[in-house]
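Examination of the molecular architecture
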2 protein chains.
Amino acid sequence: MNYLPAWLRAYRPAWLAGDLTAGLIVTVMLIPQSLAYAMLAGLPPEVGLYASILPIVAYAFLGSSMTLAVGPVAVASLMTASALQPLAAAGSAEYVTLAAQLALISGVMLLAFGALRLGFLAHFLSHPVISGFITGSAVLIAVGQLKHILGVQVAGSDVLETLRGLAKALPQTQPATLALGAASLIFLLASRRYLAPVLTRLGIATKTAELMAKLAPMVAVIASTAIVAFFGLHESAGVRIVGAVPQGLPHLNLQLPGLSALGQLWLPALLITLIGFVESVSVAQSLALKRQQRIQPNRELLGLGAANLASALSGGYPVTGGFARSVVNFAAGAHTPLAGVISAALMALVISVMTGLFYYLPHAVLAATIIVAVTSLIDLHTLKEAWHYDRADALSLVATALGVVSMGVEVGVLTGVSLSLAVLVWRSSHPHMAVVGRVPGTEHFRNIARHQVQTVPGLLALRVDESLIFANATVLEDRIEALLAQDASVRRLLLICSAVNQIDSTALGVLTQLERSLAARGIALCLAEVKGPVWDRVSSTELGRRLEGKVFLSTHAAFGQENPD
Amino acid sequence: MNYLPAWLRAYRPAWLAGDLTAGLIVTVMLIPQSLAYAMLAGLPPEVGLYASILPIVAYAFLGSSMTLAVGPVAVASLMTASALQPLAAAGSAEYVTLAAQLALISGVMLLAFGALRLGFLAHFLSHPVISGFITGSAVLIAVGQLKHILGVQVAGSDVLETLRGLAKALPQTQPATLALGAASLIFLLASRRYLAPVLTRLGIATKTAELMAKLAPMVAVIASTAIVAFFGLHESAGVRIVGAVPQGLPHLNLQLPGLSALGQLWLPALLITLIGFVESVSVAQSLALKRQQRIQPNRELLGLGAANLASALSGGYPVTGGFARSVVNFAAGAHTPLAGVISAALMALVISVMTGLFYYLPHAVLAATIIVAVTSLIDLHTLKEAWHYDRADALSLVATALGVVSMGVEVGVLTGVSLSLAVLVWRSSHPHMAVVGRVPGTEHFRNIARHQVQTVPGLLALRVDESLIFANATVLEDRIEALLAQDASVRRLLLICSAVNQIDSTALGVLTQLERSLAARGIALCLAEVKGPVWDRVSSTELGRRLEGKVFLSTHAAFGQENPD
């Protein structure tokens, strides 16, 4: 057996140029992002750099996407901060250890989900919930960074509190910090909108121009670092800077969480795991499809799990596939995960010899790069679409976003998931049902309320357009009893099960009782168009035995038994 | 408008004999039950009696069942104890006030659910969850009563802890208490099994004999009270007795809960409300069907809500429809809620003049009546059936029961509900899908893996037997991509939607992206047999516009477009 991944065994020299370019460009993007997201997570800057080396290599060997760029991302950084801030002082040694343990737990969960085929847990998160969650998180992150732009100290656990704190601290604004922060914000926003078109007009190929525009954060970082260093703004004007970043590769070290840490970290780790997984797979999927490639969700669980274990091992924190970074990686011509390995090697080089260059980098500029990055995550399009298509989904989205903004990421996402499930049960508990008759001269049966159809005296044919489960079993019973109360002549009740994909044991119990109660009143319960897998299970029950001879392959056959007069 | 209930306006003199007999028999059952369940709930005995007067009258005027007997029940009593014990000392004035407030909140919830048509919330509880909950509660209750049988003091929040405490306290067992308790237990168990057959053999009609057997608890109560009083066992042998029960009707008084009490009581109140409602309706329904009557769930919400408000108003605690009591009421010939009103009047008489008779009643005998009553609630039949029919449901049942026994009623039922929902999502996330072809010479289309069918080159027809929602949208996408990867010749992908009862916005998003991605690869996405309500919504979306001309009424029509060679 060969332990090398398939892409490496089949590597073609022609791919090397693309992988090298992409690796280089992603590194230039990754450096400011790693520092900024570590700050967002409440961690020392080097932790962000550590999380950008080994995890990428681990994913390269085990993941299934050719172009996903794994590393620190905004939402997982926010979730890390939100999980750890109640447990330890941000930036303390204990906090750093807990962050690595969070990555460890998340990694173990990802691997366990892969092994136990529990990937379906990710399906608990509907698009509206994820969209609401990300939009809410983006607002929370952006508002939380404003203090760095203003150069003031503000604590606040929710958006309103933070905004109130900012308003109060406004008089303490540091002019130099604000100037650097605001200039970076304007530069980054302008670059995002106008740089690529301008470069294109200057004769640069569109694709190259777009990639160059993505490097604007690095330009802001270099320019602001130079300004602060040259004018000594950190001393003369109180501009907060990154300061000394330890030089050298991370030490490999795995500190297992104790039982009490496990009790406090498992829920945030689960949410980080599920949201990270869903996001990664959706990014990886959309990129893979552009090249007719396939993503294997179980391989993704493995790859992301290994990446998080590697992050924990090398003093990092939870990582996942980043959206912006993966798109750039793809656009820059990455063919295989070798691009990631190259990027990891470059990051290792940076951390081994160049961390001194980050000394004068101002927090305000990192905050500006975060704000610009997360505002692109605010997604009103999905809300608009959901509002037109499905109000219940739109409400789930808004409730999740408001929950995140007002009560934090965990309560927000749990609110959203609960609402999605409530909507699922609510919908199941309001099944569409129709009394049907035969369209004259055909084998088609339609709603008697909408069409001119023939009925058979004494036969009531009811089509149920939903699986019969605990959520709607009694609703069906109520509807049947109401119909029977209207028409005393009914002698056969035909349930048409063409849309019944399952009958759970609650519904089986209700049907069994219904059949007996109907039989006592001289009414026969019949079924038609029962699906194979459904009948396989029902046939061996008491209900199945009692229904013998009353189950028809088609509605036509059930109607045909009696001659319409 | 006439404010008298329909049953009273249409009352026939012929019904009076049955209602009188039933009212009398139910009262004889209700007296020991009221005292015992109050003890179980940690409340003074008179609270159980109070909860057996006005609530019955309120239900009689507003409920829809003719024979449901409302009052204190075992499971709601256990839930009351579990909710209040962390908040106040059992039996204290504060505890009694909180119990009434629990009834008040539950009553308001029931009325609100009725008004807002939120009865569907009860559908969150599947049969397996309810069965597991009741079985677990019965075990918890029975084990909790053993200390009264032994005459020892034991505290324990779960079954294991209680059993350990009992084992430790065994040497302190009071012989006289144990003798009374064990004798009552044996007498009650023997009566339940053998009394009715013996009485029948003595020439008494079967129905009468069965009713007489139900009065065994009253016999145990009278006999043990007489023995304790005669021998002075409460003084000579330390047998715990009920003691002085205040004489006189309850004072009407409504103390509204404060915000902090509301915060602590809402969740237990919600669980009591939902479980009480589900249980009541299922008892009422099964009795009503025997006489071709109907239960109106919304009227039940009203009736039970009013009963709980009446209980709160008269110093009681949460009440609901009792299973055993309602069956006896029905069997004793109750025709209308007048039986309940008679029973309430008799209870009022008892509490006005006869509470002195309960003075010497030993706790051990009340505990024996509780144990015998709840062991009949242990339901292994449902577990056995669910195990054969549906393992996932059986696991939900067992998990709920174990959760109740090991972690208490609230955690147990929340575990069960979460599991039911997880099963719902899990099932939805594993939809049955089949590639189909035409059965030669027909308009029928069947699974190509199971049947000899004709296919059309370049056309892949996939039938999905599940609604398309967030839980399975990506599963469908994965399956389609896997099928396409196997067959490069596909030019049209036909989704047969005959069993698709809804498409939520997550699935819509996935389908929209899929259609675009397929189109880019030269493959047309087509739909067939889309249900009216589903298409009504999809047609106005981007996907709907892009699918124009590719939506077929039937699979036959979609196949027909191309000529099979």
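Residues numbered from 1 in each chain as written. Chains lettered and ligands numbered in written order. Predicted model: local features only at pLDDT ≥ 70, side-chain atom pairs only at ≥ 80, totals over all residues. Heavy atoms only, no water.

So, the overall build of chain A
Within chain A one finds 25 helices and eight strands. Overall size of chain A, expressed as C-alpha extent along the three principal axes, is 100 × 60 × 60 Å. In chain A, which comprises 565 residues, the share counted as buried stands at 56%. Considering only residue pairs separated by 6 or more positions, chain A has 80% of its internal contacts joining residues 24 or more positions apart. When the accessible surface of chain A is summed, it comes to about 23,500 Å², and 64% of that surface belongs to carbon and sulfur atoms. Of the side-chain charges in chain A, 34 are positive and 29 negative, and the distance between the mean point of each set is 7 Å. (Helix = DSSP H or I, 4+ residues; strand = E, 2+ residues; numbered from the N terminus. Buried < 20%, exposed > 50% of the residue type's maximum accessible area, 1.4 Å probe, protein only. Contact = heavy atoms within 4.5 Å. Areas by Shrake-Rupley, 256 points an atom, 1.4 Å probe, with all protein chains shown as cover. Lys, Arg positive; Asp, Glu negative; His and termini not counted. Charge placed at Lys NZ, Arg CZ, Asp CG, Glu CD.)

Quick look at the interface of chain B and chain A
With 56 residues of chain B in contact, the opposing surface of chain A contributes 55 residues. Interface of chain B and chain A: buried area, both sides summed, is about 5,100 Å²; carbon and sulfur atoms make up 57% of it. The residue B:Asp390 makes a salt bridge to A:Arg537 at a minimum N-O spacing of 3.8 Å. Run the count over chain B and chain A and you get 14 residue pairs in polar contact (both at pLDDT 80 or more). Residue assignment for the side of chain B that touches chain A shows that the elements contributing at least two residues are helix H7 (127–150), helix H13 (259–290), helix H18 (380–389), helix H20 (409–428), helix H21 (473–486), helix H22 (505–520) and helix H23 (532–538) of chain B. (Buried area = accessible area lost by both parts, 1.4 Å probe. Salt bridge = Lys/Arg side-chain N within 4 Å of Asp/Glu carboxyl O. Polar contact = N/O pair within 3.5 Å; in protein donor to acceptor, adjacent residues only side chain to side chain.)

Some points on the relation of the copies chain B and chain A
Laying chain B over chain A is done by rotating through 178 degrees and shifting 0.0 Å along the axis; what remains is an RMSD of 0.3 Å. In short, the pair behaves as if placed about a two-fold rotation axis. Relative to the rotation axis, the closest C-alpha in chain B is found at B:Ala499, a distance of 2.3 Å. A symmetric contact is evident, with 96% of the interface residues of chain B recurring at the interface of chain A. (Least-squares fit on C-alpha atoms with pLDDT ≥ 70 in both.)

Things to note about the environment of A:Gly549
Position of A:Gly549 relative to the elements: it lies in the loop between helix H24 (542–546) and strand S8 (551–552). Separated by 14 residues in the primary sequence, A:Gly549 and A:Trp535 have C-alpha atoms spaced 13 Å apart.

A short note on a nonpolar patch on the surface
Residues and elements named next belong to chain B. A contiguous nonpolar patch, built from Leu4, Leu8, Phe61, Leu62 and Leu302 and spanning about 370 Å² of accessible area, is present on the exposed surface. Mapped onto the fold, leucine 302 is located in helix H14 (residues 297–313). Taking the relative accessible area as the measure of exposure, leucine 302 reaches 36% and is therefore partly exposed. (Patch = residues over 30% accessible without salt bridge, like charges linked within 9 Å, V, L, I, M, F, W, Y side chains within 5 Å.)

Comments concerning the pattern of salt bridges
Residue and element names in this part refer to chain A. All chains considered together, the criterion is met by 14 salt bridges over all chains. A salt bridge links glutamate 515 to arginine 546, with the nearest nitrogen and oxygen atoms 2.6 Å apart. Taken as a pair, glutamate 515 in helix H22 (residues 505–520) and arginine 546 in helix H24 lie far apart in primary sequence, 31 residues in all.

Some remarks on the side chain of A:Asp19
All names here are of chain A. Take aspartate 19: it is sitting in helix H2 (residues 16–40). Polar side-chain contacts of aspartate 19 include one of 2.4 Å to the side chain of tyrosine 11. A polar atom in the side chain of aspartate 19 sits 2.6 Å from the backbone nitrogen of histidine 335. Contacts of aspartate 19, omitting those with residues within four sequence positions, involve Tyr11, Gly333, Ala334, His335, Thr336, Leu338, Ala339 and Ile342.

What to know about H22(A)
All names here are of chain A. Between its terminal C-alpha atoms H22 stretches 23 Å, which fits the 22 Å expected from 16 residues at 1.5 Å a residue. Capping the start of H22 is the job of one residue whose side-chain oxygen sits 3.1 Å from the backbone nitrogen of threonine 506: aspartate 504. One or two steps after H22, the chain reaches glycine 522, where phi turns positive at roughly 80 degrees. (Expected span 1.5 Å × (residues − 1).)

Some remarks on the sheet that holds strand S3 (residues 433–438) of chain A
Residue and element names in this part refer to chain A. Reading across the sheet, the six strands line up as S4-S3-S5-S6-S7-S8 and stay open at both edges, with mixed pairing between neighbours. Two strands in the sheet have a free side with no partner beyond their single neighbour: strand S4 (445–447) and S8. Sheet strands touched by helix H21 (residues 473–486): S3, strand S5 (459–464) and strand S6 (492–496). Its angle to S5, the strand with the most contacts, is close to 155 degrees. (Pairing = 2+ DSSP bridges. Axes fitted to C-alpha atoms, helices over the stretch in contact; angles between N-to-C directions.)

Notes on the side chain of B:Ser131
Within the fold, B:Ser131 resides in helix H7. With near-sequence residues (within four places) excluded, B:Ser131 lies in contact with B:Asp379, B:Thr382 and B:Leu397.

Section: the sheet that holds strand S4 (residues 445–447) of chain B
All names here are of chain B. One open sheet accounts for six strands, arranged S4-S3-S5-S6-S7-S8; its pairing is mixed. Of all the strands in the sheet, just S4 and strand S8 (551–552) have a single pairing partner and so form its edges. Where strand S5 (residues 459–464) lies against strand S6 (residues 492–496), five bridges are found, and the strand directions are parallel. When the bridges of S6 are listed, arginine 463 appears paired with isoleucine 496. Taken strand by strand, H21 contacts strand S3 (433–438), S5 and S6, and its axis lies near 155 degrees from that of S5.

Quick word on the packing of helix H13 (residues 259–290) of chain A against helix H20 (residues 409–428) of chain A
All names here are of chain A. Where H13 meets H20, the axes come as close as 11 Å, and the angle between the chain directions of the two elements is 60 degrees. Between H13 and H20, the crossing angle belongs to the class labelled oblique. Here the hand of the crossing between H13 and H20 comes out left-handed. Residues Leu267, Pro268, Leu271 and Ile275 of H13 lie in contact with H20, whose contacting residues are Glu410, Val413 and Leu414. Here the residues of the contact of H13 with H20 are counted per class, giving six nonpolar, no polar and one charged. (Parallel < 35°, antiparallel > 145°, perpendicular 65-115°, else oblique. Left-handed = near helix turned anticlockwise from the far one by under 90°. Nonpolar A, V, L, I, M, F, W, Y, C, P; charged D, E, K, R; others polar.)

Examining unusual backbone geometry
Of all residues except glycine, most have a negative phi; of all peptide bonds, most are trans. Residue and element names in this part refer to chain A. Even without glycine at this site, glutamate 529 takes up a positive phi of about 55 degrees. Relative to the assigned elements, glutamate 529 resides in the loop between strand S7 (524–528) and helix H23 (532–538). Under the relative-accessibility criterion, glutamate 529 is labelled partly exposed at 27%.

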